Number of protein chains: 2
Amino acid sequence: MSKIKVAVHGLGNIGKGVVDSLLSAYDFECLGVVRRAASLGTQPLALRGVQDYASFDELVAAKGKPDVVIICGPSRNVPKDARFYLEKGIRTVDSFDIHAEIPKLVEELDKASRSAGVPCITAAGWDPGTDSLMRAVFEAMTPVGTTFTNFGRGRSMGHSVAVRSLDGVADACAITIPIGGGKHSRLVYVLPEAGASFADIKQRIASDPYFSSDPLDVREVANPQEMASVADNSHGVLMERIGSSGSVSNQRLSFDMRIDNPALTAQILVSCARAVTRLAPGCHTLIDVPPVAMLPGDRMKNIARLV
Amino acid sequence: MSKIKVAVHGLGNIGKGVVDSLLSAYDFECLGVVRRAASLGTQPLALRGVQDYASFDELVAAKGKPDVVIICGPSRNVPKDARFYLEKGIRTVDSFDIHAEIPKLVEELDKASRSAGVPCITAAGWDPGTDSLMRAVFEAMTPVGTTFTNFGRGRSMGHSVAVRSLDGVADACAITIPIGGGKHSRLVYVLPEAGASFADIKQRIASDPYFSSDPLDVREVANPQEMASVADNSHGVLMERIGSSGSVSNQRLSFDMRIDNPALTAQILVSCARAVTRLAPGCHTLIDVPPVAMLPGDRMKNIARLV
């Protein structure tokens, strides 16, 4: 069996998890990681024998052309990065997570993908991603009803970044806590810079539009060690829908997961790297992908085992 | 917008639910029901203004050719019924539920479907069906691990039929009760025929291979009214998986649903009747279908709303 050759773009938390998931799967070969020249050779443990390169051309020169590139850089760079690889005729998978901008990105990458003649999958994490898939399937089962996606308890990357960007904040960790009905409270740990007023930071967080509509609890931490002790990767979702099938109401569906956040995102990216080798050109999201395409092995054997 | 024209084959519990779900959806037109001549004109309430016909030719003569036929007869007739419609160039959807025979049926219908140039979806209920899809997605999220599908509490059609087929049994209702780890106990209500020994029936159920490996509780009921009082349509599933994403273990996923059984099966058939108008020729199962294809309306709008 020929393995699927994958290159990883970026080696943050997600990139490290992607390398780990690739090395755990029998049908993948990890060709290497493309990353900033300044970081080359660091984190050898994370790389686990996988070579890193300062550019895609260097990776290709050393290892040949990959079947798929998994993009693990920041979301804001995904449009540019995905187009870069698609234009070279390489399939891409990314975990772009800015919900409001997904439709526009799908349309842009769809053009790039079709003109290159290779498919891509975008927004492939857990939300957007497998949660999106669950929302779609829940609606197919009960077309009339309400779905609540309750996040947490877990660290919100977006909210943490928003607090860190405030003046006087040395570090921050924002925890999302579900309070029911798809609403959330925020628990924010703040390490003020020397001389900055915690009371003032607290007030500015409370008036930030990112936080002002939710119940808020802001706590000061004394040092980086104390911050590190609250910033683990545990996360979860409870998705609930009560609705009707035809005219029959009280159909109750729920999906509950408790997971390590970057590990799950990385694994879904890897499963999508498998799927993207089986799709037609065009830009796909998780609700466009036949689930069996994400699984290793023969389709008919998976039908016999799972259907 | 042109509506999807559907004919329903069979008017048992599932067929009635399918008519109900079709009438509840804005993008479908229910052309009518094909059923045994002897039953024509009965159950006008279930039909709700939908005409029934003794043959498909009569339905077509009166209403024109449907885009899709939803097959709601017994599973054992599905292979023959699906081929009948596919050979006429009509897409089909069915809820064939004999798990062990699904791969063979997929291969047979795949041939018929491709030679007719129209797609079909088979095994489209909740198990097989949306449960199959959940099992596939759970594995894509956590490739290493164990999935348990816990059914119930709810009435098992298969186990009820098995008891009814025993000598001396006038009627029976078998309830499936989950006891954890994907294992189940069976609670069986039996109405013996006049003169039949309940003790003897109980012993024969206990030694039937369909029941002999599970904890069993067999109870006698005195009359059809008492039987009717235990045979409701409530059912459910708790699907649980604990596994790893890459090398990160303790990823915990669960899907829990509490539903009216025939209403959900019927709704999924109708959502699949929409999907089958958007698929390429071939035989598809629920794990082969892009979830968005099951939803009404424009794909990009559904991406904006759900992803």
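Since we're looking at a predicted model, the values are computed, not measured. (Residues numbered from 1 in each chain as written. Chains lettered and ligands numbered in written order. Predicted model: local features only at pLDDT ≥ 70, side-chain atom pairs only at ≥ 80, totals over all residues. Heavy atoms only, no water.)

Trainee: I'd like a rundown of the sheet that holds strand E3 (residues 52-53) of chain B, residues and numbers included.
Mentor: Residues and elements named next belong to chain B. An order of E3-E2-E1-E4-E5-E6-E14 is seen for the seven strands of this open sheet, with the pairing classed as parallel. Each end of this open sheet is capped by a strand with a single partner; those strands are E3 and strand E14 (282-284). Judged from the two bridges that link them, strand E5 (residues 91-94) and strand E6 (residues 119-121) form a sheet pairing that is parallel. Within E6, the position partnered with Val93 by the bridge is Ile121. The strands that helix H3 (residues 56-63) touches are strand E1 (4-9), strand E2 (28-34), E3 and strand E4 (68-71); relative to E2, the one it contacts most, it runs at about 140 degrees. Each of E1, E2, E4, E5 and E6 is contacted by helix H4 (residues 78-87), which is oriented at about 170 degrees to E4, the strand it contacts most. (Pairing = 2+ DSSP bridges. Helix = DSSP H or I, 4+ residues; strand = E, 2+ residues; numbered from the N terminus. Contact = heavy atoms within 4.5 Å. Axes fitted to C-alpha atoms, helices over the stretch in contact; angles between N-to-C directions.)

Trainee: Describe helix H8 (residues 198-207) of chain A, with residues and values.
Mentor: All names here are of chain A. Buried within H8 are the following residues: Phe198, Ile201 and Ile205. The buried side chains of H8 occupy one side of the element, clustering within an arc of 60 degrees when seen end-on. What points out from H8, more than 90 degrees from its buried face, is the exposed set Ala199, Gln203 and Ser207. Contacts from the buried residues of H8 go to helix H7 (157-164), strand E9 (169-180), strand E10 (183-192) and strand E11 (216-220). (Buried < 20%, exposed > 50% of the residue type's maximum accessible area, 1.4 Å probe, protein only. Arc of directions from axis to C-beta.)

Trainee: I'd like a rundown of the interface of chain B and chain A, residues and numbers included.
Mentor: Counting from both sides, the interface comprises 63 residues of chain B and, opposite them, 63 residues of chain A. For the pairing of chain B and chain A, the buried interface totals around 5000 Å² over both sides, and the portion due to carbon and sulfur atoms is 64%. Across the contact surface, chain B and chain A share four salt bridges. With a closest N to O distance of 2.7 Å, Arg305 of chain B and Glu139 of chain A form a salt bridge. For the pair chain B and chain A, the number of links is 28 residue pairs in polar contact (both at pLDDT 80 or more). Per-class residue counts for the side of chain B that touches chain A are 35 nonpolar, 16 polar and 12 charged. Pairing analysis gives seven bridges linking strand E13 (residues 248-260) of chain A to strand E13 (residues 248-260) of chain B, with the strands arranged antiparallel. The residue bridging Asp256 of chain A from the neighbouring strand is Ser254 of chain B, located in E13 of chain B. (Buried area = accessible area lost by both parts, 1.4 Å probe. Salt bridge = Lys/Arg side-chain N within 4 Å of Asp/Glu carboxyl O. Polar contact = N/O pair within 3.5 Å; in protein donor to acceptor, adjacent residues only side chain to side chain. Nonpolar A, V, L, I, M, F, W, Y, C, P; charged D, E, K, R; others polar.)

Trainee: Account for helix H11 (residues 299-306) of chain B, with residues named and values stated.
Mentor: Within the span of H11 of chain B, buried status applies to Met300, Asn302, Ile303 and Leu306 of chain B. Seen end-on, H11 of chain B carries its buried residues on one side only, within an arc spanning 160 degrees. Lining the buried residues of H11 of chain B we find helix H5 (102-116) and helix H6 (130-141) of chain A. For H11 of chain B, the N-terminal capping position is held by Asp298 of chain B, with its side-chain oxygen 3.2 Å away from the main-chain nitrogen of Met300 of chain B.

Trainee: Hey, could you go over the environment of Gly73 of chain A for me, with residue numbers and the actual values?
Mentor: Residue and element names in this part refer to chain A. Its location among the elements puts Gly73 in the loop between strand E4 (68-71) and helix H4 (78-87). Assessed through its relative accessible area of 25%, Gly73 is described here as partly exposed. Here the alpha-carbon distance between Gly73 and Gly17, two residues 56 residues apart in the chain, equals 13 Å.

Trainee: Quick rundown of the side chain of Asn302 of chain A? Include the residues and the values.
Mentor: With respect to the helices and strands, Asn302 of chain A occurs in helix H11 (residues 299-306). Owing to a relative accessible area of 4%, Asn302 of chain A belongs among the buried residues under this scheme. One polar contact links Asn302 of chain A to Arg305 of chain A, side chain to side chain, over a distance of 3.0 Å. Aside from chain neighbours lying at most four places away, what touches Asn302 of chain A is Val292, Leu295, Pro296, Gly297 and Val307 of chain A together with Ile287 of chain B.

Trainee: Tell me about the pairing of E11 of chain A, and please be specific about residues and values.
Mentor: Direction of pairing for E10 of chain A relative to E11 of chain A: parallel, over a ladder of five bridges. By the bridge assignment, Arg186 of chain A is partnered in E11 of chain A with Leu216 of chain A.

Trainee: Residues and numbers for the packing of helix H1 (residues 13-24) of chain B against helix H10 (residues 261-276) of chain B, please.
Mentor: The description of two helices packed together rests on the angle between their axes and the distance between the axes. All names here are of chain B. In the contact formed by H1 and H10, the axes pass within 8 Å of each other and the chain directions differ by 55 degrees. With respect to H10, the element H1 is oriented oblique. Pair H1 / H10 crosses with right-handed handedness. From H1, Asn13, Ile14, Gly17, Val18, Ser21 and Leu22 reach across to H10, where they touch Pro262, Thr265, Ala266, Gln267, Leu269 and Val270. Of the residues belonging to the contact of H1 with H10, the class tally is seven nonpolar, five polar and no charged. (Parallel < 35°, antiparallel > 145°, perpendicular 65-115°, else oblique. Left-handed = near helix turned anticlockwise from the far one by under 90°.)

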